[in-house]
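# Survey of secondary and tertiary structure
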Amino acid sequence: MPATDTGSTPGAALELAPGLAPEPTVSYQLRVDGARHQVHGAWLGASLLSVLRDTLDLTTVKDACEQGRCGSCSVLLDGRLVASCTVLAADAEDAEVTSVAGLRPSGPARAVAAAFVREGAVQCGYCTPGMVVAVTDLLARRPDADDGEVREALSGNICRCTGYGRILAAVRAVQDERAGR
Ligand code: FES
Ligand code: FES
């Protein structure tokens with residue numbers, strides 16, 4: 001459990017309407033891509049996405065909708081795919097957070113990222129980090145996923161640019177490569 005901070009900022013209290021209590025803040029550690037980060041005095045309600053990007057400056061995790069609807073902010077939380085904008089950062093204290101940057105050195109994610117580039121599945125690239133995390137997760141669980149399963153697995157990841165055809169082609173290319181086809 002993160003420690004609730006006891007101190008308050010005198011100036012901050014002055015900005016609150018009369019009768020409103022100051023927002024609770026907490027301090028905790030996050031483990032992201034194998035590195036430990038100390039987070040001091042974060043709002044208790046801060047999302048994992050906002051702490052990753054705005055506090056820890058880990059901007060490979062993309063912020064698009066902040067409502068759990070687009071998948072741009074996808075990370076693995078103890079190996080489970082989540083939209084980091086829907087997770088409280090303080091709740092991730094004891095977990096291993098893996099972003100696309102943490103996946104990159106390993107073989108499967110490298111192959112997925114390379115296939116995205118080769119197959120033209122990247123245009124603006126805003127959705128790409130989340131897509132690569134989601135595809136890597138899918139192929140780890142279902143290496144032979146068929147088209148329907150791939151579409152279902154990526155249904156939470158919105159791409160505004162590619163029309164998805166090249167993304168599906170990239171997933172098939174990784175599967176073919178692994179199968180030696
Ligand atoms: S920014 Fe998290 S799902 Fe869109
Ligand atoms: S490439 Fe632009 S959102 Fe997917």
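Residues numbered from 1 in each chain as written. Chains lettered and ligands numbered in written order. Predicted model: local features only at pLDDT ≥ 70, side-chain atom pairs only at ≥ 80, totals over all residues.

Averaged over all residues, the pLDDT of the protein chain is 91; the fraction at 70 or higher stands at 88%. Long-range and interchain partners of residues 6-14, a stretch whose pLDDT sits below 50, account for four contacts in this model, where long-range means more than four residues apart. (pLDDT = per-residue confidence, 0-100. Contact = placed C-beta atoms within 7 Å.)

Counting residues in each nonpolar core, the largest one holds 45 residues, and the members touching the most others are Val112, Phe116, Met131, Val132, Val133 and Ala170. In terms of residue count, helix H5 (residues 128-141) provides more of this core than any other element does, six residues in total. Both of domain 1 (3-10 + 22-98) and domain 2 (104-179) provide at least three residues apiece to this core. With sequence-adjacent residues up to four places away left out, alanine 170 is seen in contact with Ala115, Phe116, Glu119 and Ala121. (Core = buried A, V, L, I, M, F, W, Y, C linked by C-beta atoms within 7 Å. Buried ≥ 20, exposed ≤ 12 C-beta atoms within 10 Å, placed from the backbone. Helix = DSSP H or I, 4+ residues; strand = E, 2+ residues; numbered from the N terminus. Domains from an automatic or database assignment.)

An α-helical turn contains 3.6 residues, so any two residues separated by three or four positions project in the same direction. Within the sequence span of helix H2 (residues 48-55), burial applies to Leu48, Leu49, Val51 and Leu52. Elements in contact with the buried residues of H2: strand S2 (25-32) and strand S3 (35-43). Looking one or two residues past H2, aspartate 57 carries a phi angle of roughly 60 degrees, positive in sign.

With that settled, the discussion passes to the packing of helix H4 (residues 107-118) against H5. With their axes 9 Å apart at the nearest point, H4 and H5 run at an angle of 130 degrees to one another. Here H4 is positioned oblique relative to H5, judged by the angle of their axes. Both H4 and H5 take part in a crossing whose hand is right-handed. Side by side, H4 and H5 meet where Pro108, Ala109, Val112, Ala113 and Phe116 of the first sit next to Thr128, Val132, Val135, Thr136, Leu139 and Ala140 of the second. Of the residues that constitute the contact of H4 with H5, the class distribution is nine nonpolar, two polar and no charged. (Axes fitted to C-alpha atoms, helices over the stretch in contact; angles between N-to-C directions. Parallel < 35°, antiparallel > 145°, perpendicular 65-115°, else oblique. Left-handed = near helix turned anticlockwise from the far one by under 90°. Nonpolar A, V, L, I, M, F, W, Y, C, P; charged D, E, K, R; others polar.)

Turning to the environment of leucine 77, a few remarks are in order. Along the polypeptide, leucine 77 turns up in strand S4 (residues 74-77). Each C-alpha atom, one on leucine 77 and one on alanine 92, is 7.7 Å from the other, the two residues being 15 residues apart in sequence. With residues up to four places along the chain from it excluded, the contact list for leucine 77 reads Val82, Val87, Ala92, Ala95 and Val97.

We now examine H5. The terminal C-alpha atoms of H5, which comprises 14 residues, lie 20 Å apart, in line with the 20 Å expected from a rise of 1.5 Å per residue. Along H5, 11 of the 14 residues are buried, which leaves the element largely enclosed by surrounding structure. Within H5, the full set of buried residues consists of Thr128, Pro129, Gly130, Met131, Val132, Val133, Ala134, Val135, Thr136, Asp137 and Leu139. Structurally, H5 contributes buried residues whose contacts are with S4, strand S5 (80-83), helix H3 (100-103), H4, helix H6 (147-153) and helix H7 (165-179). (Expected span 1.5 Å × (residues − 1).)

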